Amino acid sequence: RRTRRWRADQYGKRLNGLAWRSFDLTYVAPVDDLIGALTVAGRFEALTAQGLYDGLDLETVRAILEEAGRLASEVLDPLNGSGDRAGSVLKSGAVTTAPGFKEAYKQFSDGGWSALPGPAEYGGQGLPSSVAMAVSEIWSSANLALGMCPLLTNGAIDAIEIGGSDELKAHYLPNMISGRWTGTMNLTEPQAGSDLNALTSKAERNGDGSYRITGTKIFISFGEHDLAENIIHLVLARLPDGAPGTRGISLFLVPKFLVNADGTLGARNDVICAGIEHKMGIKASPTCVMKFGEQGGATGYLVGEEHRGLATMFVMMNAARLAVGVQGVGIAERATQRAIHYATDRRQGRASSNSTGGMSPIIEHPDIRRTLLTMQSLTKAARALCAATAAETDISHRAKDDGERKAAAAKVALLTPLAKAFATEVAVEVASLGIQVHGGMGFVEDTGAAQDLRDARILPIYEGTNGIQAIDLVMRKLPNAATVKAYLGEIAEMAARVQKINVPAFGRLGTRLQQASDAVQAATGWMHATVGTAPDAALASATPYLRLFSLAAGGRYLADTALAAHAAGQDPAGDIAIARFFGDHFLVTAPGLADTIMSGADAILEAPNLATA
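Novice: Describe the overall build of the chain, listing the residues and the values that go with them.
Specialist: Across its full length, the chain holds 21 helices and 12 strands. Against the 2.2 N^0.38 benchmark of 25 Å for 613 residues, the chain shows a C-alpha radius of gyration of 25 Å, consistent with a compact globule. Each principal axis of the C-alpha atoms in the chain carries an extent, and together these give about 85 × 70 × 65 Å. Expressed as a percentage of its 613 residues, the buried residues of the chain come to 55%. If you sum the accessible surface of the chain, you get close to 25600 Å²; carbon and sulfur atoms cover 53% of it. Across the chain, the 57 positively charged side chains and the 63 negatively charged ones have centroids separated by 8 Å.

Spelled out as structure tokens, the structure:
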């Protein structure tokens, strides 16, 4: 028994040694890759030249990203694993976040990071969406759970800025932008998830212009916590004369603490946290059950117009959907860094290129190289798609020409479901591959690879499941035929440009992108013809259609990045190799996806009832 116990101890020490080399990896912000995505997919320099960014230049952006990277590496990243293990704790209605989170958030807000994208009128720095997106990726990579808090606050700020009265803006935005107060989004109820028609939370008018709010909301991220002085809840509820369905829903601002006329905090509002969820991932982010009006009614203030709350809330939701896509990029980047680090360090077998004898680092084995290239190419494609969406968001807000703003807004509407769904699917796929690279050690929590996958798995679910994103694309975005046609034309034009490059390093990238362009054109034509005549068939094919569209879009941006590297006469980041790999391993699947879209619906619709089969 002593011998067996000694062997177990020695085995544990060896495992811990392997795990420590991977778990000790400090996240490093991929500043060059972020600048590359902003430059190519985000057209940063062109938009700067047009005056959209008020003199902001890439040197300043690089300095911002490098400083964010330092905070992420030195403060946020060290709390990622410990926060996952400790989680948040609810006691007597109060939530205590994981050790170190409160101090880290204070350092974050004191450093002005909460104010980065906020309007300057209320104390923000007014930086563009594209830069805010790049910084947000850094927070998500370093500590997804903690990064959730400012993400939701920024969305709440956007909704209040657009729909709130001047009094509400002046009363709440400065403290939210500074980070002293945080924000939440309260949509989901026990009986009303994605279908808000079933929403039952109620609002009643008070005589002073305020409202009494009652109801229960679930899955409210950072609904209660100890990071900030006040929490500003944006709550969907229905007035007594609200019409049935979503058209009768109103949006209300409900603070945790009421705010006095002089801006100081007053009495505690009638809103409590009744429970927190025990989750698969992002365990340090408290996901709360919130009860409003248990003592007669929580005081709320109307945001926007009565009965039109969902329109205002969609401002927050659409911004959050792109932000969740960026979260996906962040997790994919972190998993990729972790896998490359481990594959460089771990030795197993002897690669054919090894002429010195002994075991080789596993990164030298072809299958591991394939896996890592898969992770890198998917991550870069997703990042580029998010950067392009953020740039169009900037144009829609900042362009001087009204027609240009409207065209950009239509393009944002088209790209948002792609960015959200594709980037979050990439996060799950890349995090899973990261575990595979680690082998058995990936299945051990100490390496951190398992946490990447557990954290990533929520991303395709919240802020509108990816199935809903596919439905949104097919039923709401494709009818804007002019925007879709113009964007597909951009993909075809890029394919033609690449095909003119007769350089061996590009391989068959031009041909692959042209095949993807042809495939998405054909599938789009089928969708247009089918939505009106056989909507169930279109819906059955919506998810593969979104995947096809996203691959073609991602291939377009990677090809553009490769062309930029070729024109510069250097390729230090391997952008040409990444684009070529993406073409041969992902764009090559486009014709098959198109065939599935155009002929695979019957296999779904004609299948027997699965509940009784």
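Novice: Can you break down the environment of Leu414 residue by residue, with the values?
Specialist: Looking at the secondary structure, you find Leu414 in helix 12 (residues 402-438). Of the residues examined, Leu414 reaches a relative accessible area of 2% and is grouped as buried. In sequence terms Leu414 and Leu58 are 356 residues apart; their C-alpha atoms lie 27 Å from each other. In contact with Leu414, other than residues within four places in its own chain, are Leu473, Lys477, Thr483, Val484, Tyr487 and Phe549.

Novice: Lay out the packing of aromatic side chains in plain terms, naming residues and giving numbers.
Specialist: The tally for this structure, following the rule as stated, stands at 9 aromatic pairs. With a centroid separation of 5.1 Å and 75° between ring planes, the pair formed by Phe108 and Trp139 is classed as edge-to-face. Of the two residues, Phe108 sits in helix 6 (residues 101-110) while Trp139 sits in helix 7 (residues 129-142), which places them 31 residues apart along the sequence. Neither residue differs from the other here; Phe108 and Trp139 are each classed as buried. Both rings, one in Tyr211 and one in Phe252, keep their centres 4.9 Å apart while their planes meet at 55°; by these two values the pair is tilted. Linking Tyr211 in strand 5 (residues 211-221) with Phe252 in strand 7 (residues 249-255), this pair joins segments that are 41 residues apart in sequence. The rings of Tyr105, Phe108, Trp113 and Trp139 are connected pair by pair, giving a single aromatic cluster. The ring of Phe257 carries Arg268 above its face, with NZ or CZ at 5.6 Å from the centroid.

Novice: Help me get a handle on unusual backbone geometry, residues and values and all.
Specialist: Positive phi, close to 55°, is recorded for Ser92, a residue that is not glycine. Within the secondary structure, Ser92 sits in the loop between strand 1 (89-91) and strand 2 (94-96). Residue classification places Ser92 among the exposed residues on the basis of a relative accessible area of 78%. Residue His307 is not a glycine yet carries a positive backbone phi of 70°. Judged by its relative accessible area of 23%, His307 falls in the partly exposed class.

Novice: Explain the side chain of Lys411 to me, using residue names and the numbers behind them.
Specialist: Tracing the chain through its elements places Lys411 in helix 12. On the basis of relative accessibility, which here comes to 15%, the residue Lys411 falls in the buried class. Side chain to side chain, Lys411 and Glu392 meet in a polar contact 3.4 Å long. Ignoring sequence-local partners within four residues, the contact set of Lys411 consists of Glu392, Thr483, Tyr487 and Glu490.

Novice: Kindly report on a nonpolar patch on the surface, identifying the contributing residues and their values.
Specialist: Together, Ile471, Met475 and Leu539 make up a nonpolar patch on the protein surface, roughly 210 Å² of accessible area in all. Within the secondary structure layout, Leu539 lies in helix 17 (residues 535-540).

Novice: Any details on the layout of surface pockets? Residues and values, ideally.
Specialist: With a probe scaled to a water molecule rolled over the atoms, the places where space remains empty come into view. If you add up the space inside the second largest pocket, you get close to 560 Å³. Lining of the second largest pocket is provided by 25 residues; of these, Asp32, Gly36, Thr561, Ala573 and Asp575 occupy positions nearest its centre. Going through the elements one at a time, helix 2 (31-39), helix 11 (366-398), helix 18 (542-568) and helix 19 (575-585) are the ones with two or more residues in the lining of the second largest pocket. Counting residues per element, the lining of the second largest pocket draws most heavily on helix 2, which supplies 6 residues. Along the lines of polarity and charge, the residues of the lining of the second largest pocket split into 14 nonpolar, 4 polar and 7 charged.

Novice: So, helix 18: which residues are in play, and what are the values?
Specialist: With 27 residues, helix 18 extends 39 Å from end C-alpha to end C-alpha; this agrees with the ideal 39 Å at 1.5 Å per step. Counting buried residues in helix 18 gives 21 out of 27 residues, a clear majority hidden from the surface. Following helix 18 by one or two positions, Gly569 adopts a phi angle in the positive range, close to 75°.

Novice: Account for the packing of helix 18 against helix 20 (residues 590-599), naming residues and giving values.
Specialist: Close contact between helix 18 and helix 20 brings their axes to 9 Å; oriented N to C, the two are set at 155°. By the angle between their directions, the pair helix 18 and helix 20 is classed as roughly antiparallel. Every pair of crossing elements has a handedness; the one defined by helix 18 and helix 20 is left-handed. Contact residues: helix 18 offers Pro544, Tyr545, Arg547, Leu548 and Leu551, while helix 20 offers Ala590, Leu593, Ala594, Thr596 and Ile597.

Novice: Break down the environment of Met317 for me, citing the residues and quoting the values.
Specialist: Mapped onto the elements of the fold, Met317 is located in helix 10 (residues 309-345). Each C-alpha atom, one on Met317 and one on Asp158, is 10.0 Å from the other, the two residues being 159 residues apart in sequence. Aside from chain neighbours lying at most four places away, what touches Met317 is Met185 and Leu187.

Cut-offs used in this document
- Residues numbered from 1 in each chain as written.
- Predicted model: local features only at pLDDT ≥ 70, side-chain atom pairs only at ≥ 80, totals over all residues.
- Heavy atoms only, no water.
- Helix = DSSP H or I, 4+ residues; strand = E, 2+ residues; numbered from the N terminus.
- Rg over C-alpha atoms; globule rule 2.2 N^0.38 Å.
- Buried < 20%, exposed > 50% of the residue type's maximum accessible area, 1.4 Å probe, protein only.
- Areas by Shrake-Rupley, 256 points an atom, 1.4 Å probe, with all protein chains shown as cover.
- Lys, Arg positive; Asp, Glu negative; His and termini not counted.
- Charge placed at Lys NZ, Arg CZ, Asp CG, Glu CD.
- Contact = heavy atoms within 4.5 Å.
- Phe/Tyr/Trp six-rings, centres within 6.5 Å; stacked < 30°, edge-to-face > 60°.
- Lys NZ or Arg CZ within 6 Å of the ring centre and 35° of its normal.
- Polar contact = N/O pair within 3.5 Å; in protein donor to acceptor, adjacent residues only side chain to side chain.
- Patch = residues over 30% accessible without salt bridge, like charges linked within 9 Å, V, L, I, M, F, W, Y side chains within 5 Å.
- Salt bridge = Lys/Arg side-chain N within 4 Å of Asp/Glu carboxyl O.
- 1 Å grid on protein atoms, 1.4 Å probe; cavity = no way out; pocket = protein on both sides within 12 Å on 5 of 7 lines; lining within 4 Å.
- Points joined across faces, edges and corners; volume = space filled by probe spheres on them.
- Nonpolar A, V, L, I, M, F, W, Y, C, P; charged D, E, K, R; others polar.
- Expected span 1.5 Å × (residues − 1).
- Axes fitted to C-alpha atoms, helices over the stretch in contact; angles between N-to-C directions.
- Parallel < 35°, antiparallel > 145°, perpendicular 65-115°, else oblique.
- Left-handed = near helix turned anticlockwise from the far one by under 90°.

From the geometry alone we can't say anything about function, so treat these as descriptive.
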